[in-house]
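# Coordinates in review
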Amino acid sequence: MPFIVLIVLGLALLVGPSLWVKRVLASNSRVRDDLSGTGGELATHLIKRFELHDVTLELTELGDHYDPESKTIRLTEAVMNQKSLTAVATAAHEFGHALQHAKSYRALSTRTVLAKQAIKVQRLAGMAVFLIPLLAMVPGLAVVARLVLVFFLGSMFLSTIIHFVTLPVEFDASFGRALPILDEGNYVSERDMKSVRKILLACALTYVAQALFGVLNFSRWFALLRR
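The structure contained in this document is the topic of the report that follows. Since this is a predicted model, take the numbers as computed values, not measurements.

This paragraph deals with the overall build of the chain. Check the secondary structure of the chain and you find 8 helices and 3 strands. Walking the chain from its N terminus toward its C terminus, one meets helices and strands in the order α-α-β-β-β-α-α-α-α-α-α. Look at the contacts in the chain between residues 6 or more apart in sequence, and 73% of them connect residues 24 or more apart. If you sum the accessible surface of the chain, you get close to 13000 Å²; carbon and sulfur atoms cover 65% of it.

Put into structure tokens, the structure is as follows:
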């Protein structure tokens, strides 16, 4: 029974944040004609207001995000062209990342550097996955296979670190940047601020599930290495 309880709690911890994020964003996606503009219009306005002249705005199908390489805020169709609390708060969150970049926010810079290195490492790790079983079958190369496995584990650990480094970046974008802008600028009414805070929390928690899955995968492979 304790083992089953642990499994249920573990699944709830891994899946719960993701489900809550989806529910909050969906429940606040209703079109609101009383809002002053779409998410895209708010992002455009904020870029001009804060004079981030080198930041551009693009439509994307790959999820709402800010690209520090090209200094581009990319918004999905629902956020770019709809008037909803989710659209407005999400656009403000992504603008928060652009503002972090403009202000040389150290945590964002650290995440960007780590992410670049992680892409290179993960390419090599992809090849390592295929090499490990082949090397293990060749007599005398078991030690080499183990070393390749250690490299693979290192690549997973790097990905996990990036996810956890991302968390303070996301919370700052939501509550250190976007929330004050929306509150002080009167872009949404006072009665909507409670919902806006939930949406901004949902935006910040997007990477929590990925971080937890990263820890789980790393621990499983680490246990295999110890055998």
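Here we take up the pattern of salt bridges. As enumerated under the stated definition, the model contains 9 salt bridges in all. Here Arg 32 makes a salt bridge to Asp 192, at a shortest N to O gap of 2.7 Å. Here Arg 32, found in the loop between α1 (2–27) and α2 (39–49), pairs with Asp 192, found in the loop between α6 (142–184) and α7 (193–204); they are 160 residues apart in sequence, far enough to count as distant. Of the two residues, Arg 32 and Asp 192, neither departs from the other in class, the shared state being buried. Two residues, Asp 192 and Arg 191, come together in a salt bridge whose shortest N-O distance is 3.8 Å. Accessibility expressed as a relative area gives 6% for Asp 192, which makes it buried. Connected through shared salt-bridge partners, Arg 32, Asp 34, Arg 191 and Asp 192 make up one network.

As a further point, take the packing of aromatic side chains. Counted according to the given criterion, the structure contains 2 aromatic pairs. On the basis of an interplanar angle of 50 degrees and a centroid distance of 5.4 Å, the ring pair of Phe 50 and Phe 95 is categorised as tilted. With Phe 50 in the loop between α2 and β1 (56–59) and Phe 95 in helix α4 (residues 85–102), the pair connects residues that are 45 residues apart, well separated along the chain. We classify Phe 95 as buried; its relative accessible area is 0%. Arranged with centres 6.2 Å apart and planes meeting at 25 degrees, the rings of Phe 171 and Phe 175 form a pair that is stacked. Of this pair, Phe 171 and Phe 175 both sit in helix α6, separated by 4 residues, roughly a single helical turn. Classification of Phe 171 by relative accessible area gives partly exposed; the value is 32%. According to the relative accessible area criterion, Phe 175 is partly exposed, its value standing at 31%. Here the guanidinium or amino end of Arg 177 rests over the ring plane of Tyr 105, the centre of that ring lying 5.3 Å away.

Let's shift gears to α2. Here α2 has its buried residues at Gly 39, Gly 40, Leu 42, Ala 43, Leu 46 and Ile 47. Down the axis of α2, the buried side of the element spans an arc of 160 degrees, and every buried residue falls inside it. Once α2 ends, the next one or two residues include Glu 51, with phi positive near 55 degrees.

As for its position among the elements, Ala 98 is in helix α4. Spatially, the C-alpha atoms of Ala 98 and Pro 68 are 7.5 Å apart, while their sequence positions differ by 30 residues. Among residues more than four places away in sequence, those in contact with Ala 98 are Leu 52, Val 55, Tyr 66 and Ile 73.

The rules behind each value
- Residues numbered from 1 in each chain as written.
- Predicted model: local features only at pLDDT ≥ 70, side-chain atom pairs only at ≥ 80, totals over all residues.
- Heavy atoms only, no water.
- Helix = DSSP H or I, 4+ residues; strand = E, 2+ residues; numbered from the N terminus.
- Contact = heavy atoms within 4.5 Å.
- Areas by Shrake-Rupley, 256 points an atom, 1.4 Å probe, with all protein chains shown as cover.
- Salt bridge = Lys/Arg side-chain N within 4 Å of Asp/Glu carboxyl O.
- Buried < 20%, exposed > 50% of the residue type's maximum accessible area, 1.4 Å probe, protein only.
- Phe/Tyr/Trp six-rings, centres within 6.5 Å; stacked < 30°, edge-to-face > 60°.
- Lys NZ or Arg CZ within 6 Å of the ring centre and 35° of its normal.
- Arc of directions from axis to C-beta.

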